[in-house]
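Below are the chains, spelled out letter by letter.
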Amino acid sequence: MEKWYVAAKKADFHKWAEDLRISPVLARILRNRDLTDEEQVKKFLYGRLEDCYSPWLLKDMDKAVELLLKAAQAGKSIRVIGDYDVDGICSSYIFTKGLQILGARADTAIPHRVHDGYGLNDHLIRLAQQDGIEMIATCDNGIAAASQIALALSLGIQVIVTDHHEVPFIQEKGGRKEILPPAAAVVDPKRRECSYPFPGICGAAVVYKLMQALLEKTKDQALSEAMDEFLEFAALATVCDVMELRDENRILVKEGLKRLRNTRNPGLRALIEVSGIEPRRINAHHLGFVIGPCLNATGRLDTAVRALELLQSSDKGEAMGAARELKDLNDNRKNLTLQGVEEAERYIENRSIERDKVFLVYLPTVHESLAGIIAGRIREKYNHPVFVLTGRGDGVKGSGRSIEAYHMFEAMTAVKDYFIRFGGHRLAAGLSMKEEDIEPLRKALNEGSGLEEEDFIPRVHIDVPMPFAYADERLAEELELLEPFGVGNPRPLFAQKDLLFLEGRKMGANQTWARFRVLTPEGQHISLIFFGDLSCFGAFLREKYGRDAEEMLYRKEASFRVSVVYQLGINVYRGRRELQFIMKHYC
């Protein structure tokens, strides 16, 4: 069951349309993206890198720049410590290469997911000491590593933190008190004292900003020439870390995609080629669902160092071989994920977890690297916050994925005594804990969830109720101005009531999608595409129109009225362009 909502945000759409030379339909869609005036709309549609915010607005950016330049000039050994996901890998690449360009003695360490866990830990600190490291610079981690940074300081290692995760806090009578790590500089837009206008940037974007600040300070020509490549990685990380594609993120991704289409990085070129992507048509979807998962697969099933080495590769042949290995690894990950999702569904069914408000799914034999993906799939199916736990004893680890109504990091902070370590965002989190605490944690999370039944009903936000008759190729082309699409800027949704479904045909090698011929109330015949679950659509027809309804549709004997929510686009195939209507929801 879904609830459909028509966006009702108000503005002078005709004035926007006239002043900005866009259609009133596009003006309404833009207002639905929480844009309130024409200047915001101009930035959204035509924003350039010059419209991004100054890196110096980030708290402690001046300290970080000064310390890094002093360390580089003094010949100190600097170790960049990142993370094993795409954001951490991209952050590490930008940070290390940028420092090396400036002449610093810099290397990289990326934690092993199984042996090290997320971010800084005592083992990595002591290893740095053994290697004679004098400064550690974190990226995409560190904000929650106060004890580890204290250890580094006690061993004479200076630490700079760059991160974008939520700052740990304790609740006091006067409100929240942030717990900042004792680093020499802490650059994190989520800090309360930070006045950065848009805190929703990813870890790689923070490091990209650091490189901008270093460039402004040094005027280094080689660093200037590397900034376009760094922007490509900031864009890739922004999409893969599921940041909202609005404000500054939208500009970073839009401009990064332009450069990715002609990237000179051998590793990225190889990954694009083995994935079968046409470089000039690469978009945010390819980053998030094709390239990103290949990089992520190394951190999940092997070591993320392999992904970093691919990006650092300078030999085309070597890069192609490594890219093929990453793709094969990701294909293996897909199969393991399917098995894990099936096991999670059995666990939920056998224990009647559907009654819980917050799902806690314990799969001790599933590879811990798959927990986040499985949690995301279960969240999509049930629309509940989900934690998937793996491992045994004191080595239980897990990942969580949340829904709009549930701030996962804050909920975990309220029951933090059950965790050995935890961290994350509003919609995602990671943790480690003891096996014996799983059931008490389940009870505590559910008792304090604050969720109501209506929070679990999926919401479909319709931009414009618009009959098919108003949708033409000109509007479809205009909608391309809204790209890149993603979280915070979804593809626009339109609605049409009472379409008459006349016939259908299953398509594809495995008949997993369908093309329907429908008749509009205005008498127009339209071809409607559906890439969703055909079995669910068939069940809907049988429930509404009788047990033979689905068969009648594919026998071309149907006459069923269905209201749909659809997307509008242009399909290009073998040089031929055609208007395409894609059904997303139905009732």
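The structure contained in this document is the topic of the report that follows. If you're wondering where the values come from, they're calculated on a predicted model, not measured in any experiment.

As a further point, take the packing of aromatic side chains. Inspection of every chain in the model, using the stated rule, returns 21 aromatic pairs. Relative to Tyr382, the ring of Phe359 has its centre 5.5 Å away and its plane inclined at 65°; by these criteria the two rings are edge-to-face. Of this pair, Phe359 sits in strand β9 (residues 359–362) while Tyr382 sits in helix α15 (residues 371–382), and the two are 23 residues apart along the sequence. Each member of the pair, Phe359 as well as Tyr382, carries the same accessibility label: buried. Measuring from ring centre to ring centre gives 4.8 Å for Phe537 and Tyr586, while their planes differ by 75°; the resulting arrangement is edge-to-face. Linking Phe537 in helix α19 (residues 534–545) with Tyr586 in strand β20 (residues 576–586), this pair joins segments that are 49 residues apart in sequence.

Okay, helix α10 (residues 247–260) next. For α10, spanning 14 residues, the distance from its first C-alpha to its last is 20 Å, which sits close to the expected 20 Å at 1.5 Å a residue. Among the 14 residues that make up α10, 10 are buried, leaving the element largely enclosed by the rest of the structure. Turning to α10, its buried residues number three or more, namely Glu248, Asn249, Arg250, Ile251, Leu252, Val253, Glu255, Gly256, Leu257 and Leu260.

A word on the sheet that holds strand β13 (residues 428–433). With mixed pairing, 5 strands are arranged side by side in an open sheet as β9-β10-β11-β13-β12. Every interior strand has two partners, whereas the edge strands, β9 and β12 (419–424), have only one. Averaged over neighbouring strand pairs, the angle between their axes works out to 15° when direction is ignored. One ladder, built from 4 bridges, connects β9 with strand β10 (residues 386–390); its direction is parallel. Bridging across to β10, Leu360 finds its partner in Phe387. With respect to the sheet, helix α17 (residues 438–447) is in contact with β9, β10, β11 (396–401), β12 and β13, its orientation differing from that of β9 by roughly 165°.

For the structure on display, the rule yields 35 salt bridges. Of the charged contacts in the structure, one is a salt bridge between Asp19 and Lys15, with a shortest N-O distance of 2.7 Å. Of this pair, Asp19 and Lys15 are both found in helix α1 (residues 13–20), 4 residues apart, which corresponds to roughly one turn of the helix. What emerges from the salt-bridge pattern is a single network uniting Lys59, Asp60, Lys63, Arg191 and Glu193.

What follows concerns the side chain of Gln580. Mapped onto the elements of the fold, Gln580 is located in strand β20. For Gln580, a relative accessible area of 16% puts it in the buried group. Not counting the four nearest positions on each side in its chain, Gln580 is found in contact with Ile529, Gln567, Leu568, Gly569 and Asn571.

This brings us to the sheet that holds strand β3 (residues 105–109). Here 5 strands make up an open sheet; going across it, the order is β3-β2-β4-β5-β8 and the pairing parallel. Each edge of the open sheet carries a strand with a single partner, namely β3 and β8 (185–187). Between one strand axis and the next, the sheet turns by 20° as a mean value, whatever way the strands run. Two strands pair when backbone bridges link them, and strand β2 (residues 77–81) and strand β4 (residues 135–139) are joined in this way by 4 bridges, in the parallel orientation. By the bridge assignment for β4, Ile81 is matched with Thr138.

To continue, consider the packing of helix α3 (residues 38–46) against α10. Viewed as axis vectors pointing N to C, α3 and α10 meet at an angle of 25°, and their least axial separation amounts to 9 Å. By the angle between their axes, α3 is roughly parallel relative to α10. Contact with α3, carried on its side by Lys43, Phe44 and Leu45, involves Asp247, Arg250, Ile251 and Lys254 of α10 and no other residues of that element. In terms of residue class, the contact of α3 with α10 is built from 3 nonpolar, no polar and 4 charged.

Further remarks concern unusual backbone geometry. Of note, the amide linkage connecting Glu483 to Pro484 takes the cis form, showing an omega dihedral of 5°. Mapped onto the elements, Pro484 comes out in the loop between α18 (473–479) and β16 (494–507). Not every positive phi belongs to a glycine, and Asp247 is a case in point at roughly 50°. Summarising the element assignment, Asp247 is placed in helix α10. In this structure Asp247 comes out as partly exposed when scored by relative accessible area, which is 27%. Positive phi is not limited to glycine here, since Lys556 has a value of about 65°. Mapping Lys556 onto the fold places it in the loop between α20 (549–554) and β19 (560–573).

Conventions used here
Residue indices begin from 1 for each chain and proceed along its sequence in written order. A pLDDT threshold of at least 70 governs which residues receive local features in this predicted model, and a stricter bar of 80 or more applies before side-chain atom pairs are shown or counted, although totals over entire chains, interfaces and linings include all residues. Where side-chain values are given, they derive from all heavy atoms of the structure, hydrogens and water being excluded. Geometry of aromatic contacts follows a simple scheme: Phe, Tyr and Trp rings, the Trp one being its six-membered ring, pair when their centres are within 6.5 Å, and the pair is stacked under 30 degrees between planes, edge-to-face over 60, tilted otherwise. Every helix listed is a DSSP run of H or I at least four residues long, and every strand listed is a run of E at least two residues long, numbered separately from the N terminus. Each residue gets one of three labels from its accessible area relative to the maximum for its type: buried under 20%, exposed over 50%, partly exposed in between, using a 1.4 Å probe on protein chains only. By this rule the span expected of a helix is its residue count minus one, scaled by 1.5 Å. Only strands that DSSP links by at least two bridges are regarded as paired with each other. Interaxial angles span 0 to 180 degrees and are taken between N-to-C directions of axes, which are lines fitted to C-alpha atoms, for helices over the stretch in contact. Note on definitions: a residue-residue contact is assigned when non-hydrogen atoms from the two residues lie within 4.5 Å. Criterion for a salt bridge: a side-chain nitrogen of Lys or Arg within 4 Å of a carboxyl oxygen of Asp or Glu. Angles are sorted into four bins: roughly parallel if under 35 degrees, roughly antiparallel if over 145, roughly perpendicular if 65 to 115, and oblique for all others. Each residue receives one of three labels: charged for Asp, Glu, Lys and Arg, nonpolar for Ala, Val, Leu, Ile, Met, Phe, Trp, Tyr, Cys and Pro, and polar for the others, Gly being one of them.

Nothing here speaks to function; it is geometry throughout.
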